[in-house]
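# An overview of the molecular structure
Spelled out, the chains give:
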Amino acid sequence: MFPKVAAQIFHHTSRAAAAVQNQTSQAIRNAWQYQQATPSSSAGGGGVSPWGGLGSSSGWGGSSAGPGGAKYNAGSRFYSGYTGPGRSITQANSSSAQPDDNDERQILPVRIKAAAPSVRARPRSRSLSLSSQDRIDRGEGLGVLQVVQMRARHVFAAHRSISSADDSLPSVDGANRQVLVRRNSSSAHTIPPSDVDIDMPPMLLSALGEPELPESGVKSDLTDLAAPQSLNEPLIGDDLAFYERLRQASHDRDVPKVLDEITRYRAKSRVSVPCYNMAMQALLDNRVVGQPISLILELYNEMLERNLIPNLRTYRIMILSLCARDADVQRVISSLEARISRRTFTAREDAGDNTLDSQRLAHLRTENNFPSALTLFRAATTIRNLPLGLPEYNALLRSCAFHQDIEAALRVFAHMERFPGDPPSPATYALLITVFANKADLGGAQQVFNAFKEASAQNRIAWDWMPKTLQKQDPIPQTGERNDLSKNSQIQVWNKMIETRFKCGEPTAALDLFESMLDTPLGPAFKEVDAPLPNSITYTTIINGFCEAGDVQSALSWFDRLLAQDSVAENPYAPLSTPPRPDHLSWIAMIDTLARMGKVDDLNRLFLKLLEVAPQDRLPIRTVDRYVVFRANFDIIGRASELLKFVLNHVICVDGDARSLSLNTAPARNMLVELVQMLHVRGETDAAIDVSERLVSRERKLLRQNEADGSVTGPQALYQQKGLRGLVQTLSGIFLFVSPTSAAPAALPIKAALRVAALSAQVGLEPQTAISAWYVHSFSESKRLGHSLDLTLDDWVTLIKAFVAIELPALDPDSPEATVETIPPPPNFVFPGLVVLLKDIADTSIDLNQIEHKVTRKLMRALVYTHGREESLQLLRGLGPQFACLLELQGVDGQSHGTGPQRGQSIPTQETYTGGVHIDLYHSRFVEEWYPASPNVSIETAYERFESGAQQGIFPSPETIGRLIGGLGRLGAVDKVRTLYGAAQRVLAALENQKKWQSAGWFVVEDQMIIAFAHAGQYEAAHVHRVRIMEQGGTPSADAYGALISSLKDTTDDTAHALQLWEEALARDVRPNIFMYNTIISKLAKARKADHALMIFQQMQQQGIRPSSVTYGALIAACCRVGDAPSAELFFKEMTAAPNYKPRVPPYNTMMQLYTYTKPDRERVLHYYNALLSAKIKPSAHTYKLLLEAYGTIQPIDTAAMEELFQRVLGNPSIEVQGTHWAAMINAYGCARKDLNGAIGLFESIEKHPSTSRSKTTLPDAVVYEALFTVLSAHRRPDLIRAYLQRLRSSHVHPTAYVANAAIKGYAAAGDLESARAMFESLEDPPMGVAAPNNHALHEPLRSPNEVPPQAPIYREPSTWETMVRAELGVSERDRAMDLIRRMEFRGYPPAVVQRVRDIMHTDALSESPTSFSSLSTISSS
């Protein structure tokens, strides 16, 4: 129930205030509009009292007992502590040991032990057990130094010499200057327990292995205070250089350099205190949360061992380090305690998890960071007038709050007050209040709060102080006379006092303080002496206070009123004139409290509201909040179906939108498991599977997206995939082994079982022997009960895998499957055998050709293993034609080409650990998701997954590595291929005790290396691996031979080498596949060996291999190259009529090219162009080039149509205007129309044409120059040839041999044989046996002509020799022509090429048609 005092706060309006105050406070009150309500009882009993009743205990020493009782009178702990030891130390007699102002400051060295604590307990220091009055008396009698020295004798052991004062930091010129201590403050409020169910930070986990500190944590040696003081020595030479290098590295956040500099310095014989301080400071400055401080402690103790006496700066660094570590430890302790508590609340207490967390807690609590910091503080403050800094004071107070140590906090605060020049900050008071609050000492907290208000009024507060890191990263803007930081800090202290009053059971007093904030006289312009306006955290504090007190109704009333507000606080620390909407901390408090109190209706209402407002209020929807709501609903779901619907639609969010549950945390997975089990037990198995499918599918999609955009790293993806796989295993167990109706598990309906199997396959869980029995059992039971099977192709494939897993187990009897012991067998299970499955498949219309090759191969192996080859053949023949050829097509005949492990191999189903290499077959499936072609997982992602696993010592199988090698080789990623090959050797070495798997894996890896290097153009490297396989008695696969044949290029006789490989493969009993057939037919087609190509095509058909579109494209090209138009058209018709035909542009271009050059016929060119459009194929740039030629060179010439087509090309943004288009136009103008000026004018317009600026290549290019020279040759203008040849040489275009051919023709046609010969001799010959490079770049779309340097050599082509021979014959120089032929023979050209040139000698030396220059007449499939 909403308390009466709250209603009074929001309705009273009669108080006198300034106008601005009325506007502000009234705006807040009007926003609430509560009706007066009856007070509700609070956790402390008695309810929320009326406004008064605070008495005088709100002051420092009132005479009457306040709400906290008599203990908060003048004798309260804070009062005695603050006015006792604090003031006594400040005002103590220091005559006994007060140094003169000119003396060096004396600092006591202490040692931090890294050894384990002694069994003997340390005697308690007597001074720590004195009463308040004793402390005052002893302080007044002995003086500060004597008191501290007395304590130190109990704490410290040996004696050492004293150090100098603060480090003298050298300037650039070596002069000394005072240290500017880094103000490295931590949070100024109590660290709340973590609300996220997370494991301990990895860096913090590593720190738990640090040596335990002794009970005191430090040790030091006192020395005679009367001993002479040492003087500061300035840093010079190497020390100065080291200091500056280390300071710069620290400033640059270059941690490796910092560590390197420190390591080298420690090896020196001469060291100094300032340099050690700088080393520790650099480590502290670059320390991340949770990181251990072991190296800092090591450096500190090393200083003492090297007789270096710490100074004040040393102690300040060490105090900050120890307190930072203490804060880390306390945060993790809070997180672990909250996690244990949450398990208890959600009724999911796991003894193992709780035990582990309890052990972690016990281990963390053994770290003595706080006692060590206190001892260092005592040592650093033994001499008066040596102040620490605010960062150190606040860090110590924060640790005091963690450990509820009021006495230590008062000593720290009293020491601070001794130095009025460095006043406390608001955070200091907030931390001191927290110390009392954590001990439920309201009176002490109130006295600190009053002291804060008094200091504020006297301007004794460091309002503008903030941590150095905050100054750099999150500066608070200045908006008026008083800056925002000052105001926000003031509100922070008031909020802390409100929190304290709630914590001490005084909600009325807390609301009283809140009312005073509303009544601040100046509103947003409040001064230091005024009460501040509330901020967003104020309202959160009040709601959380009611929740902690158990007053749910009041908390809910406040929360609902906040929900009715219009605006969200942009800055939670900024003062507000109107109440804000709830922040995420308020939501957390309400959800946890309502769930804990069992108020499910209110909980669900608020959770729906959270889903609604989260986007606009910028609120996170945490998985742990979902789980809290889920658990609150779970116990009553069975009695209320509407609650189940609520959970499905709003908590789990199965619709798959942005609000859906993410499964990458343990609470989320637990939630899904519990829900699925409940649905399955209720008999709603289909609904349970549906929920599982939708969430798992969405999670996999999200994981792939995050991998692609870099949101998750490789190791994170690996971890998430493993967690998802474990979840699916658990879900499968529920579906298969838990019966909805009885204790004995019953078979799932076959469709449901196959859905479970498909769900498992999504995350790489293929059916293993034990789990497969359940799928087969469901299949047999469904048949026995007469259920309709109605299975899809994928369903039958799953059943085949399950049957094969039982018939052909992968493990030796000595290595039982890890899951066998945990998976129960189906009741009364009898395996029906493979023959039954095959007969059922035969009764369907399933096409076995659509089943993946490796599945049918395993099926045949299992059948032969059980029934033998002959009986298997008879069984298959009896099932029908498509079964009869399975054994032959799958090659199950004892031949081994590295196809994988055989029966009897010791191959673990899941994972193998050998020699530091962990072979995980689940990881194999995760990596192999890209294969053979996945729209969601790229091969680059697969390689990243491999790398992530390898970094953790987890590797896929050698077969998976091999396929990844082959895929990356196709992309030309040779470095990655070599990396994978090296990893494969480690994996294979780990299989030393599993010889069959090792051997099969070795063949796969070597075979894939052939494929990879062949596709990457590393032909010689590919043959190295080919030879390796053959030397070991094996044979490369058909894919490997196909890759070798396909990669043959840049030789003078590619076809001869290709046929050698083809014959070698056949001789070694390799059965060519479609890829191998396509590559050899394509090679023969390019060599114009159409007859041989057709013969191999017939062999392919006889083997029952169906031609593909690529096959037909190669055959069509072969026929076109020899001018066999009828055969080309016949194959074209067969291709388009084939059931597996996939339209591609090359065959259409080939037919158009046939009727453009070889058999000119514009009508047929347009026929195939229209057929291309009808097939919905996008024309290529080459298509338009052929059309331009058809209009511009085939009679009758249609110049208008050609120019119209060119304008269409220019207007098509998807087509880049290339040199071939310009060349076709120039050829049409200059040769077909004989318009020399028109051709030259067109050429000259290219450079400045708008399309040229958009081109990726330099225009005009070599093809355009070739066309121009052909025109100039036809018009017998050698003068222009020379001019444009010079222009070409001065451009950035590399000439080709075809440009030289055109120039030679031009010179010869004009009778200038000397120039023709000079041009010919200026060219070079390629290495013997190698085809001329750099001449065909323009015909290869993946290469740019600009890749070839303009000054690179021009190599002769066979056509260059032919052109020159014709030129010599044209002037009757037969002897010169014969010399050229002999030179060709000497250069090792293939006999067929030489003979073709020799044949010219026996015919009339006819010149070629001027229109048939190479780049325009060469048949291309581009």
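Residues numbered from 1 in each chain as written. Predicted model: local features only at pLDDT ≥ 70, side-chain atom pairs only at ≥ 80, totals over all residues. Heavy atoms only, no water.

## Describing the overall build of the protein chain
- If you tally the helices and strands in the protein chain, you get 64 helices and seven strands.
- Here the protein chain, with 1422 residues, has 54% of them falling under the buried criterion.
- Taking the intrachain contacts of the protein chain between residues at least 6 apart in sequence as the baseline, contacts between residues at least 24 apart amount to 74%.
- Element-wise, carbon and sulfur atoms account for 51% of the exposed surface of the protein chain, whose accessible area totals about 61100 Å². (Helix = DSSP H or I, 4+ residues; strand = E, 2+ residues; numbered from the N terminus. Buried < 20%, exposed > 50% of the residue type's maximum accessible area, 1.4 Å probe, protein only. Contact = heavy atoms within 4.5 Å. Areas by Shrake-Rupley, 256 points an atom, 1.4 Å probe, with all protein chains shown as cover.)

## A short note on the nonpolar core
- If you look at the biggest cluster of nonpolar residues, it comprises 196 residues, and the most contacted ones within it are Tyr429, Met590, Trp796 and Leu837.
- In terms of nonpolar packing, the next biggest core, distinct from the first, is built from 156 residues, Ala1038, Leu1061, Leu1084 and Ala1093 among them. (Core = buried A, V, L, I, M, F, W, Y, C linked by side-chain atoms within 4.5 Å.)

## Here we look at the confidence of the model for the protein chain
- Predicted confidence across the protein chain gives a mean pLDDT of 75, with 73% of residues reaching 70 or more.
- Between residues 892-915, whose pLDDT stays under 50, and residues either more than four places distant or in other chains, the model counts 72 contacts.
- Every residue in residues 1404-1422 scores below 50 in pLDDT, and together they form 41 contacts with partners more than four places removed in sequence or on other chains. (pLDDT = per-residue confidence, 0-100.)

## Considering the side chain of Thr1270
- Of note, Thr1270 is situated in helix 57 (residues 1262-1274).
- Since its relative accessible area comes to 9%, Thr1270 is described here as buried.

## Notes on the packing of helix 54 (residues 1219-1232) against helix 57
- Viewed as axis vectors pointing N to C, helix 54 and helix 57 meet at an angle of 10 degrees, and their least axial separation amounts to 8 Å. Regarding the angle of helix 54 to helix 57, the classification is roughly parallel. Where helix 54 approaches helix 57, its residues Gly1219, Thr1220, Trp1222, Ala1223, Ile1226, Asn1227, Gly1230 and Cys1231 are matched on the opposing element by Val1263, Val1264, Ala1267, Leu1268, Thr1270, Val1271 and Ala1274.
- Residues that form the contact of helix 54 with helix 57 fall into these classes: 10 nonpolar, five polar and no charged. (Axes fitted to C-alpha atoms, helices over the stretch in contact; angles between N-to-C directions. Parallel < 35°, antiparallel > 145°, perpendicular 65-115°, else oblique. Nonpolar A, V, L, I, M, F, W, Y, C, P; charged D, E, K, R; others polar.)

## As for the environment of Val977
- Along the chain, the position of Val977 falls in helix 41 (residues 974-989).
- Those residues in contact with Val977 that sit more than four places away from it in its chain are Ile965, Leu968, Gly969, Met1009 and Ala1012.

## Observations regarding the state of the cysteines
- Applying the stated criterion to the full structure yields zero disulfides.
- The closest cysteine sulfur to the non-disulfide-bonded Cys323 is located on Cys400, 8.0 Å from its own sulfur.
- Lacking any disulfide linkage, Cys1120 is separated from the closest cysteine sulfur, that of Cys1119, by 6.9 Å.
- You can call Cys1120 buried: its relative accessible area is 0%. (Disulfide = S-S within 2.5 Å.)

## A few points about the pattern of salt bridges
- Taken as a whole and judged by the stated rule, the model has 50 salt bridges.
- We note a salt bridge from Arg331 to Asp328, for which the minimum N-O separation is 3.5 Å. Residue Arg331 and its partner Asp328 are located together in helix 11 (residues 312-345), separated by three residues, close to a single helical turn.
- Across the pair Arg360 and Asp357 runs a salt bridge whose closest N-O atoms are separated by 3.6 Å. Taken together, the residues span about one helical turn, with Arg360 and Asp357 both in helix 12 (residues 351-365) at a distance of three residues. The pair Arg360 / Asp357 is uniform in exposure class, with both members buried.
- Overlapping salt bridges bring together Glu1321, Asp1325, Arg1356, Arg1383 and Arg1387 as one network. (Salt bridge = Lys/Arg side-chain N within 4 Å of Asp/Glu carboxyl O.)

## Observations concerning the packing of helix 13 (residues 369-380) against helix 14 (residues 390-403)
- It is the contact of helix 13 with helix 14, at a shortest axis distance of 11 Å, that shows an interaxial angle of 140 degrees. For the element pair helix 13 / helix 14, the angle class is oblique. Helix-helix and strand crossings are classified by hand; for helix 13 and helix 14 the assignment is left-handed. Facing Phe370, Ala373, Leu374 and Phe377 of helix 13, the residues of helix 14 in contact are Tyr393, Leu396, Ser399, Cys400 and His403.
- Residue composition of the contact of helix 13 with helix 14, grouped by class: seven nonpolar, two polar and no charged. (Left-handed = near helix turned anticlockwise from the far one by under 90°.)

## Things to note about helix 61 (residues 1358-1370)
- With 13 residues, helix 61 extends 19 Å between its outermost C-alpha atoms, agreeing within 8% with the 18 Å of an ideal straight helix rising 1.5 Å per residue.
- All of the buried residues along helix 61 are Thr1360, Trp1361, Glu1362, Thr1363, Met1364, Val1365, Ala1367, Glu1368 and Leu1369.
- Residues of helix 61 that are buried sit in contact with helix 59 (1297-1309), helix 60 (1313-1321), helix 62 (1374-1386) and helix 63 (1391-1398).
- Just beyond helix 61, the residue with positive phi is Ser1372, at close to 65 degrees. (Expected span 1.5 Å × (residues − 1).)

## Focus: the packing of aromatic side chains
- Inspection of every chain in the model, using the stated rule, returns 31 aromatic pairs.
- Geometrically, the ring pair formed by Phe803 and Phe831 is tilted, given 5.4 Å between the ring centres and 45 degrees between the ring planes. Of the two residues, Phe803 is situated in helix 32 (residues 793-807) and Phe831 in the loop between helix 32 and helix 33 (834-842); the sequence distance between them amounts to 28 residues.
- Here the aromatic residues Phe502, Phe514, Tyr539, Phe546 and Trp558 are joined through ring pairs into a cluster of three or more.
- In this structure, Lys487 is placed above the aromatic ring of Phe526, and the distance from its NZ or CZ to the ring centre is 5.7 Å.
- The ring of Tyr931 carries Arg963 above its face, with NZ or CZ at 5.6 Å from the centroid. (Phe/Tyr/Trp six-rings, centres within 6.5 Å; stacked < 30°, edge-to-face > 60°. Lys NZ or Arg CZ within 6 Å of the ring centre and 35° of its normal.)

## Quick look at the pairing of strand 6 (residues 917-920)
- Where burial is concerned, the two faces of strand 6 agree: the one with Val917 and Ile919 and the one with His918 and Asp920 are both buried.
- One ladder, built from two bridges, connects strand 6 with strand 7 (residues 954-955); its direction is parallel. Bridge pairing in strand 7 places His918 opposite Ile954. (Pairing = 2+ DSSP bridges.)

## Some remarks on the environment of Lys1159
- Positionally, Lys1159 belongs in the loop between helix 50 (1145-1158) and helix 51 (1162-1174).
- For Lys1159, a relative accessible area of 37% corresponds to the partly exposed category.
- Between the C-alpha atom of Lys1159 and that of Ala1125, which follows or precedes it by 34 residues, the distance is 8.2 Å.
- For Lys1159, the contacting residues outside a window of four places in its chain are Gly1123, Ala1125 and Leu1154.

## Some thoughts on unusual backbone geometry
- Of note, the bond from Gln1195 into Pro1196 is cis; its omega dihedral lies within 30 degrees of zero at -5 degrees.
- With respect to the helices, strands and loops of the structure, Pro1196 is situated in the loop between helix 52 (1181-1193) and helix 53 (1199-1210).
- Each neighbour pair has its own omega, and for Leu1259 with Pro1260 the value is 0 degrees, a cis peptide bond.
- Residue placement: Pro1260 occurs in the loop between helix 56 (1250-1253) and helix 57.
- Phi at Gln404 takes a positive value of approximately 55 degrees, unusual for a residue other than glycine.
- Among the secondary structure elements, Gln404 is positioned in the loop between helix 14 and helix 15 (406-417).

## Looking at the environment of Leu397
- By the element assignment, Leu397 lies in helix 14.
- When its relative accessible area of 0% is taken as the criterion, Leu397 is described as buried.
- For the pair Leu397 and Thr434, spaced 37 residues apart in sequence, the C-alpha to C-alpha distance is 9.0 Å.
- Sequence-distant contacts of Leu397, defined by excluding residues within four places in its chain, comprise Ala409, Val412, Thr428, Leu431, Leu432 and Val435.

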